[in-house]
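Listed here are the chains, written in short residue letters.
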Amino acid sequence: MIITFATQKGGTGKTTLSIAFANYLTEVTERQINVFDFDYQKSFYNKWKEDELLEIPKLYDVEVIGEEEQPFSDIESLFELRDSEDINIFDLAGTLDEKYSDLLIYSDFIIIPFEYSDVSVKSTLVFKNLLGLLESQAERIFIRSKYDKGYKYLNQQEMDEEISKYGVIIQNPVYKRNCLQTIDTRKLTYEQKYAVKKPFNEIIDQINETLQITL
Ligand SMILES: Nc1ncnc2c1ncn2[C@@H]1O[C@H](COP(=O)(O)OP(=O)(O)OP(=O)(O)O)[C@@H](O)[C@H]1O
Ligand SMILES: [Mg+2]
């Protein structure tokens, strides 16, 4: 299967959440996890390389999909990833590019971290429209990222109503937490696990329900 973390807004937590999700999955499923860093900044890959210095075994491999490469000019290789029992996680850049089209069309799930700031709301709606234009087959999973517990977001209800027409909103937010600012690719600390457990279990339930499987 293919799970892609994407949206067209930079800095919403795609890489943080994809690292945390990949780490979390290794604790809850026997399936093999493969990560593909499809962002020219290579944040996930660079972190994973840097973490070689930690004396902890790696949990998964991370492959960079380079600028010049045409990873899916052969669409069959994309279908192979999609049809595989492995969990293939893609982390995309915050700027959209045509090279992402096939991936966005054929992912099983697109996880879209979003915030309620005016700019984030606009970008999230643009991204949701783009997926519609592409006729993406992926199930859209919206997740509140960097959510501030003590704040009343005035546009929350309106935004939730709008995006819930196009996908699933994970009810448990990922709160803004200092412990998520320093995350490595080889383990989740107790605190980090606590911060992501509820929303991630909801995502996993959603995947199981949609694909009629048990991860
Ligand atoms: N839940 C959180 N609580 C606190 N800080 C967070 C949280 N999630 C992400 N951050 C911080 O927000 C910043 C942006 O996060 P991240 O790099 O994961 O976003 P991104 O969407 O991958 O960005 P880009 O579009 O540049 O790839 C980072 O400094 C990260 O540490
Ligand atoms: Mg990123």
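All figures in this text were calculated on a predicted structure; none of them were measured in a lab.

Caption draft 1: Broad picture of unusual backbone geometry. Residues other than glycine seldom take positive phi values, yet K42 does so here, at roughly 55 degrees. Along the chain, the position of K42 falls in the loop between β2 (33-38) and α2 (43-50). Even without a glycine there, the phi angle at E135 is positive, about 55 degrees. Relative to the assigned elements, E135 resides in the loop between α5 (118-133) and β6 (139-144). Judged by relative accessible area, E135 falls into the exposed class, the value being 64%.

Caption draft 2: Highlighting the nonpolar core. With 35 residues, the main nonpolar core has I3, F21, Y60, I89 and I203 as its most contacted residues. Secondary structure elements with two or more residues in this core: β1 (2-5), α1 (14-28), β2, α2, β4 (87-92), β5 (109-114), β6 and α7 (190-211). Per-element accounting of this core gives the leading share, seven residues, to α1. Each residue touching I3, except ones within four places of it in the same chain, is listed here: F21, I87, N88, I89, F90, F109, I111 and I207. By size, the runner-up hydrophobic cluster in this structure holds 27 residues, among which are I65, F90, F114 and I163.

Caption draft 3: Just the sheet that holds β6, in detail. Ordered in space as β3-β2-β4-β1-β5-β6-β7, the seven strands form an open sheet in which the pairing is parallel. Every interior strand has two partners, whereas the edge strands, β3 (61-64) and β7 (168-169), have only one. Across the face of the sheet, α1 comes into contact with β1, β2, β4, β5 and β6 while running at roughly 165 degrees to β4. With respect to the sheet, helix α3 (residues 75-83) is in contact with β1, β2 and β4, its orientation differing from that of β1 by roughly 105 degrees.

Caption draft 4: Looking closely at α3. Within α3, burial applies to L78, F79 and L81. Taken end-on, α3 shows its buried residues confined to a sector of 160 degrees, consistent with a single buried face. Residues of α3 that are exposed and point over 90 degrees away from its buried face: E80 and D83. In this structure, the buried side of α3 is in contact with β1, β2, β4 and α4 (101-106).

What counts and how
- Residues numbered from 1 in each chain as written.
- Chains lettered and ligands numbered in written order.
- Predicted model: local features only at pLDDT ≥ 70, side-chain atom pairs only at ≥ 80, totals over all residues.
- Heavy atoms only, no water.
- Helix = DSSP H or I, 4+ residues; strand = E, 2+ residues; numbered from the N terminus.
- Buried < 20%, exposed > 50% of the residue type's maximum accessible area, 1.4 Å probe, protein only.
- Core = buried A, V, L, I, M, F, W, Y, C linked by side-chain atoms within 4.5 Å.
- Contact = heavy atoms within 4.5 Å.
- Pairing = 2+ DSSP bridges.
- Axes fitted to C-alpha atoms, helices over the stretch in contact; angles between N-to-C directions.
- Arc of directions from axis to C-beta.

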